[in-house]
Amino acid sequence: MKAVKAVKAVKDKRINLYRLIILLTAVYPLLYIWQGLDFTDTGFSLTNYLWVFDDPRSIETSSRIWLTNILGGLWVYFFGDSLGVAGYRLAGVLLAYAALFLTYRALRPYVKREYLFPGLFFAMVFIGRSGFMLNYNTLTALFYVWSSYYLLTGLNNSRQHYLFISGVVLGLNMFIRLPNILGLMLGVCILFHGYLDRAVISQLGRRISLFLAGYGAAVLAALTVMLFLGHLDNYLASFGETVVLLGEAEGHHGTGRLTAALLDIYKISFLKTVTVVGYFGILLVVLRLTGKFNSKFVQYGVITLAGILPLSIYDDFYRNWYGMVGLVSAVLLLGLALNLAPCRKLNSRTIADAMTDRGNCAAALAALIILLIVPAGSADGYVTSVYGMYLAIPLAVQGIGEFKFRPGLSTEHYRYTIILGFVLLLVLALAAGYRYTYRDSPQRMSMTYQVDHQKLKGVFTTRERAQVVTELLEVMPHYVKKGDYLLAYEQIPMVHFLTGTRPYLYGSWPMLYSPGKFQKMLDRALAERPELPVIVRAGGSTEKFDWPRGKTLRGGYYLAGSRKIMNEFIAVKNYRMVWENSFFEILIPPGK
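Residues numbered from 1 in each chain as written. Predicted model: local features only at pLDDT ≥ 70, side-chain atom pairs only at ≥ 80, totals over all residues. Heavy atoms only, no water.

A. View of the overall build of the protein. Counting secondary structure elements, the protein contains 20 helices and seven strands. Against the compact-globule benchmark of 25 Å for 592 residues, the protein has a radius of gyration of 26 Å, which places it among compact chains. The principal-axis extent of the C-alpha atoms belonging to the protein is close to 90 × 60 × 50 Å. In the protein, buried positions account for 53% of the 592 residues. For the protein, contacts bridging at least 24 residues in sequence account for 73% of all contacts bridging at least 6. Surface accessibility of the protein: about 26,500 Å² in total, with carbon and sulfur atoms responsible for 65%. (Helix = DSSP H or I, 4+ residues; strand = E, 2+ residues; numbered from the N terminus. Rg over C-alpha atoms; globule rule 2.2 N^0.38 Å. Buried < 20%, exposed > 50% of the residue type's maximum accessible area, 1.4 Å probe, protein only. Contact = heavy atoms within 4.5 Å. Areas by Shrake-Rupley, 256 points an atom, 1.4 Å probe, with all protein chains shown as cover.)

B. Highlighting the packing of aromatic side chains. Applying the stated rule across the entire model yields 27 aromatic pairs. Ring centres of Y77 and F78 lie 5.1 Å apart, and the angle between their planes is 85°; this geometry places the pair in the edge-to-face category. Residue Y77 is classed as exposed on the basis of its relative accessible area of 63%. Ring centres of F126 and W321 lie 4.8 Å apart, and the angle between their planes is 35°; this geometry places the pair in the tilted category. Here the residue F126 occupies a position in helix 4 (residues 113–128), and W321 occupies one in helix 12 (residues 321–340), the gap between them amounting to 195 residues. By the burial criterion, F126 is buried, and W321 matches it. Among the aromatic residues, ring-to-ring pairing joins F39, W547, F583 and F584 into one connected group. Above the ring of Y506, the side-chain terminus of R524 is found at 4.0 Å from the ring centroid. Looking at R529, its charged tip hangs above the ring of Y506, at a distance of 4.1 Å from the centre. (Phe/Tyr/Trp six-rings, centres within 6.5 Å; stacked < 30°, edge-to-face > 60°. Lys NZ or Arg CZ within 6 Å of the ring centre and 35° of its normal.)

C. Here's a closer look at the nonpolar core. The biggest cluster of nonpolar side chains holds 135 residues, and the ones touching the most others in it are F39, F126, M389, V469 and F584. In terms of residue count, helix 3 (residues 66–107) provides more of this core than any other element does, 17 residues in total. Sequence-distant contacts of V469, defined by excluding residues within four places in its chain, comprise L37, F39, V451, L456, W547 and F584. Of all hydrophobic cores here, the second largest spans 23 residues; its members include I65, L505, F518 and Y575. (Core = buried A, V, L, I, M, F, W, Y, C linked by side-chain atoms within 4.5 Å.)

D. Focus on helix 19 (residues 515–528). For helix 19, built from 14 residues, the straight-helix expectation of 20 Å at 1.5 Å per residue is met to within 8% by its first-to-last C-alpha distance of 20 Å. Within the sequence span of helix 19, burial applies to P515, F518, M521, L522 and A525. What you see down the axis of helix 19 is that its buried residues fit within an arc of 125°, all on one side. Facing away from the buried side of helix 19, by more than 90 degrees, are the exposed residues G516, K520 and A527. (Expected span 1.5 Å × (residues − 1). Arc of directions from axis to C-beta.)

E. Seen up close, empty space enclosed by the protein. Scanning the model with the defined rule gives three cavities of 30 Å³ or more in all. If you trace the largest cavity, you find 20 residues lining it, with Y32, Q35, G131, F132 and Y438 closest to the centre. Residue composition of the lining of the largest cavity, by class: eight nonpolar, eight polar and four charged. By volume, the second largest cavity amounts to about 90 Å³. As for the second largest cavity, its lining consists of 13 residues, and the residues nearest its centre are A96, I127, T138, Y387 and Y390. Elements with a minimum of two residues in the lining of the second largest cavity: helix 3, helix 4 and helix 5 (136–156). (1 Å grid on protein atoms, 1.4 Å probe; cavity = no way out; pocket = protein on both sides within 12 Å on 5 of 7 lines; lining within 4 Å. Points joined across faces, edges and corners; volume = space filled by probe spheres on them. Nonpolar A, V, L, I, M, F, W, Y, C, P; charged D, E, K, R; others polar.)

F. Representation of the layout of surface pockets within the structure. In this structure, the second largest pocket occupies an estimated 1,400 Å³ of space. Around the second largest pocket sit 41 residues that line it, and V276, Y279, L327, V331 and L425 are the ones nearest its centre. Elements supplying a minimum of two residues to the lining of the second largest pocket: helix 10 (255–290), helix 11 (296–313), helix 12, helix 15 (392–401) and helix 16 (411–435).

G. Local environment of the sheet that holds strand 4 (residues 502–503). Strands sit in the order 4-3-5-7-6 across an open sheet of five strands; the sheet is mixed. Every other strand in the sheet has two partners, leaving strand 4 and strand 6 (576–580) as the edge strands with one partner each. Pairing between strand 3 (residues 485–489) and strand 4: two bridges, direction parallel. Paired with Y485 across the strands is R502, a residue of strand 4. (Pairing = 2+ DSSP bridges.)

H. Structural detail: the pairing of strand 6. With four bridges connecting them, strand 6 and strand 7 (residues 584–588) associate as antiparallel partners. Bridge pairing links E580 to E585 in strand 7.

I. Highlighting helix 2 (residues 41–51). Of all the eleven residues making up helix 2, nine are buried; the element is thus mostly covered by neighbouring parts of the structure. Among all positions of helix 2, only T42, G43, F44, S45, L46, T47, N48, Y49 and W51 are buried.

J. How the structure looks around the pairing of strand 5 (residues 534–538). For strand 5, the tally of buried residues reaches five of five residues, placing the bulk of the element in the interior. Bridge analysis of strand 3 against strand 5 gives four bridges, and the strand direction is parallel. In the strand pairing of strand 5, Y489 is matched with R537. In this sheet, strand 7 lies alongside strand 5 in antiparallel orientation, the contact comprising four bridges. Following the sheet pairing, R537 is matched in strand 7 by E585.

K. Region of the structure containing the side chain of N180. Mapped onto the elements of the fold, N180 is located in the loop between helix 6 (161–176) and helix 7 (187–197). What N180 contacts, discounting residues up to four positions off in sequence, is T140, Y144, N173 and M174.

Set out below in structure tokens:
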């Protein structure tokens, strides 16, 4: 009787612990979404969402992320004016909740709860460090997890129609972000599972056919909706421009640069994985040597020192996000490899165990594929790679936690090593999240000021930034009204969303254009929109975290060339400056 009560007490404690972890996971993202005012990517996304239905031509250069714009447009249609920028971040939190829930549903048959819940909390903290936003990165993460849930459930529960649904979700994901076409590689999981399951060719053919049919149906449906909305021509033109962009050797999204960036990610991750394994191997050797003292406390001391030593050398490691992403990527690759290693022995297991392990192997392969393909297509893929980690983190935690081959290390000491490593990574991730706000101050205590504007309610930034933005927004109604065309440049697309104006150059962030495309869009606008627009110009780069204190413009071939074109345009068209503050300028053409 006492034994039964003791077991029940332990079980109740675990359940309460899991409930606490769930509560912390839910609360964490709500702590920081109120701070930081970004004028770049946030403004780019929100301007796309603002005009995707009413004037898609004004944002046609963003048509390659068509479904992102549609989903964001629906959010802005219902909540844009009332919730504004804060609502955009709240939507990002909801996307993170959905991704974690689907991760839980996909992995709960294979990952023990003692690994699953801590892994989900770490995923929320680590992935959320980059910010909670409604954009193509967060939607990409959600759609990959969503598709994987249907894929794994379909394979392991004989629900073959789920394979069709998985293909549908992946097909739609291509319209979230064009490089997501690589999601078709998840079809390898069907072949891999069939190999483990000893499926006959006809079974594999039916499964693959359902998967591809779903993908094709989604693509056809999306193109049909585009045609109905009048977006198809813009999308096809944007698709063609993407091909041109990939061919520009000096462009920030040229094929050479993107390929080199992706290969660099793989190389660094592999080297860091080798480093982690080597460091653990050295730890095992030291533990075997110190084992002669026959003191478990000495062993605990060695393990603790091994965990703390790197932190004493790199005391600001939590500020080095590239380093942290590289380390976590290495741990994930190692953990997924440990999940995949036993797969060749499944046929020797019992039927029930083999079915569970086949599912685990398929999940690990899906997580690995997603982890490897998410950075593709991004010039800064190392940062965006975190959006491919939802499935990988809980699986890696279990793979490492259940690792059996550890010579010279007792189960007790190994468990302590794993817990210590997990806690240290979690603390570093929490510190990184506290110190980081997307393109705003790292000093959270300084971001306590609001801009008095409907769309910026609940958004806090520094006093200097709030002041210059307030000054700009107070005078803008004297020069433009909602629906007017506006030419805003030097990385300030947020101005369009806040003023309700339409981008003059067919995109809210024209400084992303090559100089040739910039001139082409300017010439086209002059032909199609003969009334010259008001110009708003920033005196420094808003991609810097310290603006408006920092007033240095970004350099580079693209920016210098486009800046020269704008200076000539302003001079030829006799624009004059009518207002300025310490960071922004307003210029108007003759007769305005």
